[in-house]
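Chain and residue survey
In case you want the letters, here they are:
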Amino acid sequence: MIFVRQIAVLGAGVMGSQIAAQIANAGYSVLLFDLPGPAEKPNAITEAAIARLQTLKPPPLAIENLTAAIRACNFQDDLAQLKHCDLIIEVIAEQLELKRDLYQKISPFLHENAIVVSNTSGLSLHALQQYLPVIQQQYFCGMHFFNPPRYLSLVELIPTSTTSSALLDELAHWLTCRLGKNVIRAKDTPNFIANRIGVFSLLSCIHQGLRYHLALDEVDALTGALLLRPKSATYRTLDVVGLDTMQHVVHTLQGIADDPWRDTFQLPEFLQSLIAQGHLGQKTGQGIYRKQGKVIEVYDIQQQSYRPAAASVDPDLFALLSTCSISQCMQELRNMKSPQAQFLLAYWCDLLHYSAYHLQAIAHSVQDVDHAMQWGYGWQEGPFIAWQNMGIERMLDLIKDHSQIALPTWLEEVKRAGFYTHKGAYSPQENTYISEKSILSQKLNHLVKNEEVAEFLSSSSRKNDIPKQLLLTQEQAYDLWALTDKTLVFCFKTKTNVFDNAIIEGLNQALNEAEQTGKGLIIYQYNAETFSGGADLNLLMALIQTSDWQGLDLLLQQFQHILMRIKYSPNPTIVALRGRALGAGCELLLHARGVVAAMESYPGLVETSVGLIPAGGGCKEMALRTARQANGYANFSYLKNCFERILLSKVASSAAEGFAYGYLGGNPSVQTPHWVMHKDDVLRVALTTVDYLFASQMDLPAVQRPFVVAGREGKARLQMQLVNAREGRFINDYQYQMGNALAHILCGGDVDEGTLVDEAWLLRLEREAFVHLAKQAETQALLSKFTKGMK
Amino acid sequence: MTNVYIVDCIRTAVGKAYRGAFRHTLPDDLLVCLMQSMKQRHDTIDWTLIGDVVIGCAMPEAEQGMNVARMATLLADFPASIPAMTINRFCSSGIQSVATAAMSIAQGEMDFALAGGVESMSKVPMGGNKYTANPFKYRCSAHSCPNTHCHHAILPLTAL
């Protein structure tokens, strides 16, 4: 059992600082190391990296003030701190000598159970392992994050031949549950899985694009959304990664001995020329693309200059791919003779062939490859599932026409049954189908006691087949599950989970069921990105366009009514939130008894962006919450912030911000006692509380943060009161003296008002005052009198 | 020095703080009522000839901040050309305003002035919304104050 309490990240570069940020997001405090700065500011380099976190977009930190959880350290002065660290993540430059020196430098400071991992993707893990003390070697492995580490969920975990398998299990569990990552165990091969396939994919697009004489923006138009991939597609991705970085990565891959596609691993002439000119992409403001004022320009290979980016997909190709995904229409594609269609075919042949050829060497199963591409590159479909959808044998014919390179023998056995069957995903190594239940699905299954349902409900991927067991009601607009003997789960099925009449009716039914059977109600969505887009605008538009103002008012009343019913129901409703909860979706959060939110939750009241205001109780709840938060006059400053957020349709960028905005705190109107009625029952409730804290991962150690004190000015205000109180004979002279001592501590001592202090500062003031008072005759007399009285 | 005469005076009723009839009334509205009444009482006077409106206020902040004399003058539909100032000598602010206005007339600065005072302790309590003291006065050690009678510390809100 590993207890990861204190974590250190070595290297405060782009990846290191963002990994530290994600660890801070998870509620840990983390030490971030880099080279020492000048003598007067030894942590300057690390501090600059931490400050830069607040300027990156998209933000690596869940909320700005989380920088307080990241402590700046340097390799010269702070190595001793490593003695307390349980997990040390090395993220320095990809040079073996540098890593060797670092590992040797930190070795004397590692405690015997310390885990050292490396984010390297190019260097030999086995070689690195040798630089650690022998005891540590079994606790070493590769832990490969993807950029940006907050938003890309993939982490590849790579054992060496001597890494403890128990360690790997524990790290997989920790990364999944504590950092919110999706873990794939990869083999120790160059670039592991995602980058091996991903970089090849990019290079294939580049080379096939050149072969079919497509413009660079044309290649992007064809390899982004059209293939269900991020819109950075091919060339924009290269700009973001950096052309020089790409050059370096490709160079590493050229060294692989047994790769028949070795020739693909070089950048074409025009890219090398751009690199030579210093046009490296986003980091130099210019690469394949550049921005001239408001116009985006793309490099034209023929002209060797830039022109406005304007490429588009051929109309007939676009028409074909609008009606079905690419996997469904490979046959029609084959019949099209245009360069764009031929490019797509050639690319798919390359990708599928390469993936199949190397599968056994790089991964355990087809699912690992597909997941790697989904989680690390944001592809909606990995190569094997896409291939299966295209028709395996049909594509095999095309591939054989396209290339002379051999195909693995296992393909012949699997081509008819498929890569995925009801038995699982094919593993060439095991030569069978394996069905691994994910860590989260296993945990959910403890409560749900139904493997298929647990697997379905604990995944992010959109599945079409919803298992039937445990389903109580299945309607067009929603599903209602009787998931455990104590809970019902309501899931929307409207488009972007909007609220319409059917949903309102469904929620009423769900509440009836909950109240009649004494269960709690959970509202959870199958879609991981969009919890709810709000009210059904089509419904609203219909009423507005027919000037049915009464109908509109009635609809609002119905919506307000269901939310009020949820709020005041005798049975609790909890929202299990992930993704965007906008408008009415956010209003639902405000009326639930509680909200269990994923870090990547984005609540917001956005009605003003369509010219309306929240009318499902959102305004009412925010007014109510500020009133409860504040005290009379002070209410206004809370209200002002609320007002601005609603007016400007602000959406929180994380659960941390959601809490700060007041959208996620659960129901402040709940008056249920937070105390136990029977004195003899407190232990039992304490036991279930500890259970609850561990189960919901609220067991992490606290993180120290500085706080503001009232200072000299505050003390003067308290002293005024003391003088008046003594004059009025409300306190005696000694209470007056003690009051002065107390005021000094509470206001933080002799500092300016508003100074930030830490707890150690006040603890020292407490000790000084206590000892001072203990020396006084009056105190000694009081103590003596008290103790005599006790006898 | 010109002789100065008080020509007329008027006041509102006095309500109890927090519980009285005027606890919801804005202080500038109290003044507006009086100013308009004065105008009605003396409708033959050319009110554009007022040289100054001098209003005393002991806690001139928040609802009675922003130069409450000027706010009230404008709200009472007096022309924007009529100047106004708010002065503070704590409890004697009101009487000071009369003295100040009278001195202006005596010195020949103007012929005609409006003076008065306003206070709503329901809206702005004694000490104001951020009751503060200067720490300089409290030259005590960290833990004790050697003075047995800090006369200088007693709240100096009286009419001095």
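Just so it is clear, the structure is predicted and the values come from calculations on it, not from any experiment.

Below, the discussion takes up the overall build of chain A. When helices and strands are counted, chain A shows 32 helices and 23 strands. Expressed as lengths along the three principal axes of its C-alpha atoms, the size of chain A is roughly 100 × 75 × 55 Å. Sequence-distant contacts in chain A: of pairs separated by 6 or more residues, those separated by 24 or more amount to 66%. For chain A, the accessible area works out to roughly 38,400 Å², and carbon and sulfur atoms hold 55% of it.

This brings us to the overall build of chain B. If you tally the helices and strands in chain B, you get 3 helices and 3 strands. Listing each helix as α and each strand as β along chain B from the N terminus yields α-β-α-β-α-β. Looking at the 160 residues of chain B, the share that counts as buried comes to 34%.

Across all of its chains, the model carries 0 disulfides over all chains by this definition. For Cys177 of chain A, which is in no disulfide, the shortest distance to another cysteine sulfur is to Cys141 of chain A and amounts to 17 Å. For Cys177 of chain A, a relative accessible area of 12% translates into the label buried. Here Cys9 of chain B stays free of any disulfide, with the sulfur of Cys33 of chain B as its closest cysteine sulfur at 15 Å.

Further remarks concern a nonpolar patch on the surface. There is a patch of nonpolar side chains on the surface, built from Leu537, Met541, Val610 and Leu612 of chain A and spanning about 340 Å² of accessible area. Looking at the element boundaries, Met541 of chain A is found in helix 22 (residues 537-545).

With that settled, the discussion passes to the pairing of strand 7 (residues 154-159) of chain A. All names here are of chain A. Where burial is concerned, most of strand 7 is hidden: 5 out of the 6 residues are buried. Examined bridge by bridge, strand 6 (residues 140-145) and strand 7 share 5 bridges and lie antiparallel to one another. Along strand 7, the bridge assignment pairs His144 with Glu156. With 4 bridges connecting them, strand 7 and strand 8 (residues 182-185) associate as parallel partners. Note on strand 8: the bridge partner recorded for Leu154 is Asn182.

Along the polypeptide, Thr176 of chain A turns up in helix 6 (residues 165-177). The residues contacting Thr176 of chain A, other than those within four sequence positions of it, are Lys181, Val183, Ile439 and Leu440 of chain A.

What follows concerns the pattern of salt bridges. Opposite charge on two side chains makes pairing possible when the charged atoms of those side chains draw close. Residues and elements named next belong to chain A. Summed over the entire model, instances satisfying the criterion amount to 26 salt bridges over all chains. A salt bridge links Arg150 to Glu600; its shortest N-O distance comes to 2.8 Å. Here Glu600 lies in strand 21 (residues 594-604) and Arg150 lies in the loop between strand 6 and strand 7, a separation of 450 residues in the sequence. Judged by relative accessible area, which is 3%, Arg150 ranks as buried. By relative accessible area, Glu600 is classed as partly exposed at 21%. When the shortest N-O distance is used, the salt bridge between Asp300 and Arg307 registers 3.3 Å.

Further remarks concern the nonpolar core. Residue and element names in this part refer to chain A. In terms of nonpolar packing, the biggest core is built from 112 residues, with Ile288, Leu333, Trp348, Phe384, Trp387 and Phe419 touching the most fellow members. No other element matches helix 14 (residues 339-362), which puts 14 residues into this core. Counting 42 residues, the second largest nonpolar core, distinct from the first, contains Ala20, Ala62, Ile70 and Cys141.

Residue and element names in this part refer to chain A. Read across the sheet, 8 strands follow the order 3-2-1-4-5-6-7-8 without closing on themselves; strand pairing throughout is mixed. Of all the strands in the sheet, just strand 3 (70-74) and strand 8 have a single pairing partner and so form its edges. Averaged over all neighbouring strand pairs, the angle between strand axes comes to 25°, with direction disregarded. The pairing of strand 1 (residues 7-10) with strand 2 (residues 30-34) spans 4 bridges and is parallel. Bridge pairing in strand 2 links Val9 to Leu32.

Turning to the sheet that holds strand 14 (residues 432-434) of chain A, a few remarks are in order. All names here are of chain A. Spatial strand order, 12-13-14: 3 strands in an open sheet with antiparallel pairing. Both outer strands of the open sheet, strand 12 (420-421) and strand 14, are each paired with one neighbouring strand and no more. Judged from the 2 bridges that link them, strand 12 and strand 13 (residues 424-427) form a sheet pairing that is antiparallel. When the sheet's bridge partners are listed, Thr421 is paired in strand 13 with Gly424.

All right, on to unusual backbone geometry then. Note: most residues except glycine have negative phi, and most peptide bonds are trans. Residue and element names in this part refer to chain A. For the peptide bond that leads from Lys57 to Pro58, omega is 0°, which places it in the cis range. Residue position: Pro58 is located in the loop between helix 2 (44-53) and strand 3. Backbone geometry at Gln304 places phi at a positive 55°, although glycine is not the residue there. Considering the arrangement of structural elements, one finds Gln304 in the loop between strand 10 (295-300) and strand 11 (305-308). By relative accessible area, which is 61% here, Gln304 ends up exposed. Backbone geometry places Arg729, a non-glycine residue, at a positive phi of 60°. Along the chain, the position of Arg729 falls in the loop between helix 29 (711-727) and helix 30 (733-746). The exposed category is assigned to Arg729, whose relative accessible area is 67%.

Residues and elements named next belong to chain A. Under the counting rule described, the total for this entry stands at 29 aromatic pairs over all chains. Centroid distance Phe33 to Phe75: 5.8 Å. Interplanar angle 20°. Geometry classified as stacked. Taken together, the residues Phe33 in strand 2 and Phe75 in the loop between strand 3 and strand 4 (87-90) connect sequence positions 42 residues apart. The residues Phe33 and Phe75 share a single accessibility class, namely buried.

The subject of this paragraph is the packing of helix 23 (residues 549-568) of chain A against helix 24 (residues 584-591) of chain A. For any two helices packed against each other, the geometry comes down to the angle between their axes and how far apart the axes lie. Residues and elements named next belong to chain A. Where helix 23 meets helix 24, the closest approach of the two axes is 8 Å, and the angle between their N-to-C directions is 30°. As the angle between them shows, helix 23 and helix 24 are arranged roughly parallel. Residues Phe559, Leu563, Met564, Ile566 and Lys567 of helix 23 pack against Ala584, Glu587, Leu588 and His591 of helix 24.

Moving on to the side chain of Thr237 of chain A. For Thr237 of chain A, the location among the structural elements is in helix 9 (residues 235-241). Setting aside residues up to four positions removed in sequence, Thr237 of chain A forms contacts with Leu202 and Ser232 of chain A.

Turning our attention to the environment of Arg593 of chain A. Its place among the elements puts Arg593 of chain A in the loop between helix 24 and strand 21. Once the C-alpha coordinates of Arg593 of chain A and Lys493 of chain A are considered, the two residues, 100 residues apart in sequence, prove to be 23 Å apart.

On average, residues of chain B carry a pLDDT of 89, and 84% of them reach 70 or more. Quick note on the complex model: pTM equals 0.87, ipTM equals 0.75.

Residue and element names in this part refer to chain A. Helix 11 (residues 269-276) packs onto helix 10 (residues 243-254) with a crossing angle of 125° between their chain directions and a minimal axis gap of 10 Å. When the axis of helix 10 is compared with that of helix 11, the two are oblique. Two packed elements cross with a definite hand, and for helix 10 against helix 11 that hand is left-handed. Contact with helix 10, carried on its side by Leu243, Asp244 and Gln247, involves Leu271, Gln272, Leu274 and Ile275 of helix 11 and no other residues of that element. Residues belonging to the contact of helix 10 with helix 11 are distributed by class as follows: 4 nonpolar, 2 polar and 1 charged.

Turning our attention to the environment of Met85 of chain B. Residue and element names in this part refer to chain B. Tracing the backbone through its elements, the reader meets Met85 in strand 2 (residues 84-87). Judged by relative accessible area, Met85 falls into the partly exposed class, the value being 32%. Spatially, the C-alpha atom of Met85 lies 11 Å from that of Gly117, the residues being 32 residues apart in sequence.

Glancing now at helix 28 (residues 682-695) of chain A. The end-to-end C-alpha distance of helix 28 of chain A is 20 Å, a good match for the 20 Å that 14 residues give at a rise of 1.5 Å each. Positive backbone phi, approximately 55°, marks Gln697 of chain A, located one or two places after helix 28 of chain A.

This paragraph deals with helix 7 (residues 194-211) of chain A. Compared with the 26 Å implied by 1.5 Å per residue over 18 residues, the 25 Å span of helix 7 of chain A between its first and last C-alpha is a close match. Within helix 7 of chain A, 15 of the 18 residues are buried, which leaves the element mostly enclosed by the surrounding structure.

Each value, and the rule that gives it
Residues numbered from 1 in each chain as written. Chains lettered and ligands numbered in written order. Predicted model: local features only at pLDDT ≥ 70, side-chain atom pairs only at ≥ 80, totals over all residues. Heavy atoms only, no water. Helix = DSSP H or I, 4+ residues; strand = E, 2+ residues; numbered from the N terminus. Contact = heavy atoms within 4.5 Å. Areas by Shrake-Rupley, 256 points an atom, 1.4 Å probe, with all protein chains shown as cover. Buried < 20%, exposed > 50% of the residue type's maximum accessible area, 1.4 Å probe, protein only. Disulfide = S-S within 2.5 Å. Patch = residues over 30% accessible without salt bridge, like charges linked within 9 Å, V, L, I, M, F, W, Y side chains within 5 Å. Salt bridge = Lys/Arg side-chain N within 4 Å of Asp/Glu carboxyl O. Pairing = 2+ DSSP bridges. Core = buried A, V, L, I, M, F, W, Y, C linked by side-chain atoms within 4.5 Å. Axes fitted to C-alpha atoms, helices over the stretch in contact; angles between N-to-C directions. Phe/Tyr/Trp six-rings, centres within 6.5 Å; stacked < 30°, edge-to-face > 60°. Parallel < 35°, antiparallel > 145°, perpendicular 65-115°, else oblique. pLDDT = per-residue confidence, 0-100. Left-handed = near helix turned anticlockwise from the far one by under 90°. Nonpolar A, V, L, I, M, F, W, Y, C, P; charged D, E, K, R; others polar. Expected span 1.5 Å × (residues − 1).

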